[in-house]
Amino acid sequence: MPYIPTPEQALALTMTYNKEEFHINHAKTVGHVMGEFAKEYDPDRVDFWTAVGILHDIDFEQWPEQHCVKADSLLRELDIDESVIHAVVSHGYGICADVEPTEQMEKVLFAVDELTGLIGAAALMRPTGISDMEPKSVVKKFKDKKFAAGCSRDIIRQGADMLGMELNELIAKTLEAMKTA
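Computed from a prediction, not measured in an experiment: that's the story for all the values here.

K.L.:
Provide a residue-level description of the packing of helix α6 (residues 104-124) against helix α9 (residues 167-179), including the pertinent values.
P.N.:
Think of two packed helices as two axes; the pair is described by the angle between the axes and how far apart they sit. The geometry of α6 relative to α9 is characterised by a closest axis approach of 10 Å and an angle of 65° between their N-to-C directions. Taken together, the axis directions place α6 and α9 in an arrangement best described as roughly perpendicular. Of the two elements, α6 crosses α9, and the hand of that crossing is right-handed. In this structure, α6 uses A111, V112, L115, T116, I119 and G120 to contact α9, whose residues at the interface are L170, I171, T174, L175 and M178. In the contact of α6 with α9, the residues fall into 8 nonpolar, 3 polar and no charged.

Structure representation (structure tokens):
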């Protein structure tokens, strides 16, 4: 019977397929941010949003060329519920998957995945880390195409558009969520 994993189960599954500290920390960060957004958009399903955030890159470390495609088959083999599979695969929409984010949670995942990477990279450049970082600092780094060049600004913008949010609002909300981790 397909199931929706708890955040703890999602982390255990993610750690089965990911060994690098960077990938595990990214999964935890995205899961936490998703949980924070859920408190606003879907407060009865915080654990669901968190688990999806944790699982979103379950296949990336071992199968980067098959990202999202491998996640689909892997999660099916693990008997994970279709709602989780759709959400995980849709975060790669237009990049490595043709599954479009349709639910609010899926759109948030699409938007914050890249953005958490950009914010995390900016925090590493600061002596005080993320604790006192202001959204304007992130916006400045966002505009610098050479900074954290692997974080797609187009995807972040597209995610903000999907959510009907101004970019600055998405940055501020994601930053505040990351500060509570």
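Right, picking up where we left off after that structure.
K.L.:
Explain the packing of helix α3 (residues 46-55) against α6 residue by residue, including any values.
P.N.:
The contact between α3 and α6 brings their axes to 11 Å, and the two run at 40°. Looking at the two axes, α3 sits oblique to α6. The chirality of how α3 crosses α6 is right-handed. Note on element contacts: α6 touches α3 through Q104, M105, V108 and L109, opposite F48, W49, V52 and G53.

K.L.:
Account for the pattern of salt bridges, naming residues and giving values.
P.N.:
Applying the stated criterion to the full structure yields 9 salt bridges. K173 is the salt-bridge partner of E40, the closest N and O atoms lying 2.9 Å from each other. In this pair, E40 sits in helix α2 (residues 21-41) while K173 sits in helix α9, placing the two residues 133 residues apart along the sequence. For K173, a relative accessible area of 23% translates into the label partly exposed. For the salt bridge of E82 with R76, the shortest nitrogen-to-oxygen distance reads 2.7 Å. Look at R76 and you get partly exposed, because its relative accessible area is 41%. Among the ionic contacts, a cluster of salt bridges with common partners joins E40, E169 and K173.

K.L.:
Quick rundown of α6? Include the residues and the values.
P.N.:
Every α-helical turn comprises 3.6 residues, leaving residues that sit three or four positions apart pointing alike. A rise of 1.5 Å per residue sets the reference length of α6, with its 21 residues, at 30 Å; its end C-alpha atoms lie 30 Å apart and thus fit the reference within 8%. Of all the bends found along α6, the most pronounced is centred on V112 and spans about 30°. Here α6 lies mainly inside the structure; 15 of its 21 residues are buried.

Parameters at a glance
- Residues numbered from 1 in each chain as written.
- Predicted model: local features only at pLDDT ≥ 70, side-chain atom pairs only at ≥ 80, totals over all residues.
- Heavy atoms only, no water.
- Axes fitted to C-alpha atoms, helices over the stretch in contact; angles between N-to-C directions.
- Helix = DSSP H or I, 4+ residues; strand = E, 2+ residues; numbered from the N terminus.
- Parallel < 35°, antiparallel > 145°, perpendicular 65-115°, else oblique.
- Left-handed = near helix turned anticlockwise from the far one by under 90°.
- Contact = heavy atoms within 4.5 Å.
- Nonpolar A, V, L, I, M, F, W, Y, C, P; charged D, E, K, R; others polar.
- Salt bridge = Lys/Arg side-chain N within 4 Å of Asp/Glu carboxyl O.
- Buried < 20%, exposed > 50% of the residue type's maximum accessible area, 1.4 Å probe, protein only.
- Expected span 1.5 Å × (residues − 1).
- Bend = angle between axes of the 7 residues up to and from the residue.

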